[in-house]
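So the chains spell out like this:
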Amino acid sequence: MHKFDAKKFFMKWGAAMIAAVAVAIAMGAPLVAAAILDAQDAPVVVVDAGHGGADAGVVGVRTGIKESQINLNVAKLLGEYLIAGGIKVVYTRTGDYMNSHAKVKDNKKRADMFFRGDVINEAKPDAVISIHMNFYSSPARRGAQAFFDKHSEEGERLAAIVQELLNRDVNCDLGGREYAALSAEKYLLECSPYPAVIAECGFLSNPLDEAALIDPDFQARLAYTLFQATVIFLQKTALFGE
Ligand SMILES: [Zn+2]
């Protein structure tokens, strides 16, 4: 059983970790996994890149870029930052494919979702960060939004932190408005008892959001915002949880 025993570590070093990774990113330095945490006590985070393979998700109105590709880029960067911060990362996918599942043969999408659910439940993570891009019938809508399962207090807390930082780093800058985290009925949020958030990082139905979302620098910025939010959540869990 995984034990979140990094309490004291995060109380003391969480902010320093964010700063250290920020400096490495700013300098373009390679992110070397920090051996500062005893591997057994390190918190575990599942990083979930939405969609993949035949399931491209939504596509950009202007460029036709696949959501699945942006999700994967952001997920891999987020994973790198977390690992650099001494956190154990478990990915639900690391390439452009759908996962299969031994018990679901007739529905590829469901098999892929069940596989993700299994990964999460086996990892027993301290947080699940699922990355998606949004789409809406009205092209005017833009911005990044966080979703949680209404039955999970911890998930709601995680989503609130993610939303706060997305507002600070993305929404106020680009869209000029803030969002509140919302509850949603999604398998990925409901499939495990662990705190989970779906970050819909912007609207591929909005040309301005799309232009930002295809930019590798912006993808890195998103990943860094999600990294910060994750560390802050883990710190707060260490201080007030359990
Ligand atoms: Zn999606």
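Above this note sits the structure.
These numbers were taken from a predicted model, which means no experiment stands behind them.

The next thing to look at is the overall build of the chain. A tally of regular secondary structure across the chain gives 7 helices and 6 strands. Each helix and strand of the chain, placed in order from N terminus to C terminus, yields the pattern α-β-α-β-α-β-β-α-β-α-β-α-α. Counting every position in the chain, which comprises 242 residues, the buried fraction comes to 52%. Relative to all contacts within the chain whose residues are 6 or more apart in sequence, the contacts with residues 24 or more apart total 78%.

Let's shift gears to the coordination of the zinc ion. Protein-derived ligands of the zinc ion are H51 (NE2), E67 (OE) and H132 (ND1), with the metal-ligand distances lying across 2.1 Å. Summarised as a motif, the one-chain spacing of the donors to the zinc ion is H-x15-E-x64-H. Of this pair, H51 sits in the loop between β1 (44-49) and α2 (67-84) while E67 sits in helix α2, and the two are 16 residues apart along the sequence.

Under the definition given, this model contains 1 cavity of 30 Å³ or more. What lines the largest cavity is a set of 13 residues, and nearest its centre among them are G143, V170, L174, D209 and F218. Those elements giving two or more residues to the lining of the largest cavity turn out to be α4 (153-175), β6 (196-203) and α6 (207-213). Its residues placed into classes, the lining of the largest cavity shows 7 nonpolar, 4 polar and 2 charged.

On to α2, then. For α2, built from 18 residues, the straight-helix expectation of 26 Å at 1.5 Å per residue is met to within 8% by its first-to-last C-alpha distance of 26 Å. Of all the residues in α2, the buried ones are E67, S68, I70, N71, L72, V74, A75, L78, G79, Y81, L82 and A84. In the segment just after α2, G86 is the residue with positive phi, at about 85°.

As enumerated under the stated definition, the model contains 4 aromatic pairs in all. Note on Y81 and Y224: the rings are 6.2 Å apart at their centroids and 75° apart in plane angle, and the pair reads as edge-to-face. Taken as a pair, Y81 in helix α2 and Y224 in helix α7 (residues 216-240) lie far apart in primary sequence, 143 residues in all. Residue classification places Y81 among the buried positions, given a relative accessible area of 4%. Classification of Y224 by relative accessible area gives buried; the value is 19%. Aromatic ring contacts, followed pair by pair, group Y81, Y224 and F227 into a single cluster. Directly above the ring of Y136 sits R141, whose terminal nitrogen or CZ lies 3.8 Å from the centroid.

Volume-wise, the largest pocket comes out at about 250 Å³. As for the largest pocket, its lining consists of 18 residues, and the residues nearest its centre are H51, H132, K186, I198 and E200. Of all elements in the fold, only α3 (108-123), β3 (127-134), α5 (187-190) and β6 reach the threshold of two or more residues within the lining of the largest pocket. At 4 residues, the largest contribution of residues to the lining of the largest pocket is made by β3. Of the residues contributing to the lining of the largest pocket, the split by class is 7 nonpolar, 5 polar and 6 charged.

What follows concerns the pairing of β6. For β6, a buried count of 8 out of 8 residues is recorded, marking the element as mostly surrounded by other parts of the structure. Bridge count for strand β4 (residues 145-148) against β6 is 3 bridges, and the pairing is antiparallel. Across the sheet, Q145 pairs through a bridge with E200, a residue of β6.

A few words on the pattern of salt bridges. In the structure shown here, the tally under the stated rule is 8 salt bridges. Among the ionic pairs, D48 bridges to R116, the shortest N-O distance being 2.8 Å. Placement of the pair is D48 in strand β1 and R116 in helix α3, with a sequence separation of 68 residues. Take D48 and R116: they sit in the same class, and that class is buried.

Conventions and cut-offs
- Residues numbered from 1 in each chain as written.
- Predicted model: local features only at pLDDT ≥ 70, side-chain atom pairs only at ≥ 80, totals over all residues.
- Heavy atoms only, no water.
- Helix = DSSP H or I, 4+ residues; strand = E, 2+ residues; numbered from the N terminus.
- Buried < 20%, exposed > 50% of the residue type's maximum accessible area, 1.4 Å probe, protein only.
- Contact = heavy atoms within 4.5 Å.
- Donors = N, O, S within 2.8 Å, 3.2 Å for Na, K, Ca; no water.
- 1 Å grid on protein atoms, 1.4 Å probe; cavity = no way out; pocket = protein on both sides within 12 Å on 5 of 7 lines; lining within 4 Å.
- Points joined across faces, edges and corners; volume = space filled by probe spheres on them.
- Nonpolar A, V, L, I, M, F, W, Y, C, P; charged D, E, K, R; others polar.
- Expected span 1.5 Å × (residues − 1).
- Phe/Tyr/Trp six-rings, centres within 6.5 Å; stacked < 30°, edge-to-face > 60°.
- Lys NZ or Arg CZ within 6 Å of the ring centre and 35° of its normal.
- Pairing = 2+ DSSP bridges.
- Salt bridge = Lys/Arg side-chain N within 4 Å of Asp/Glu carboxyl O.

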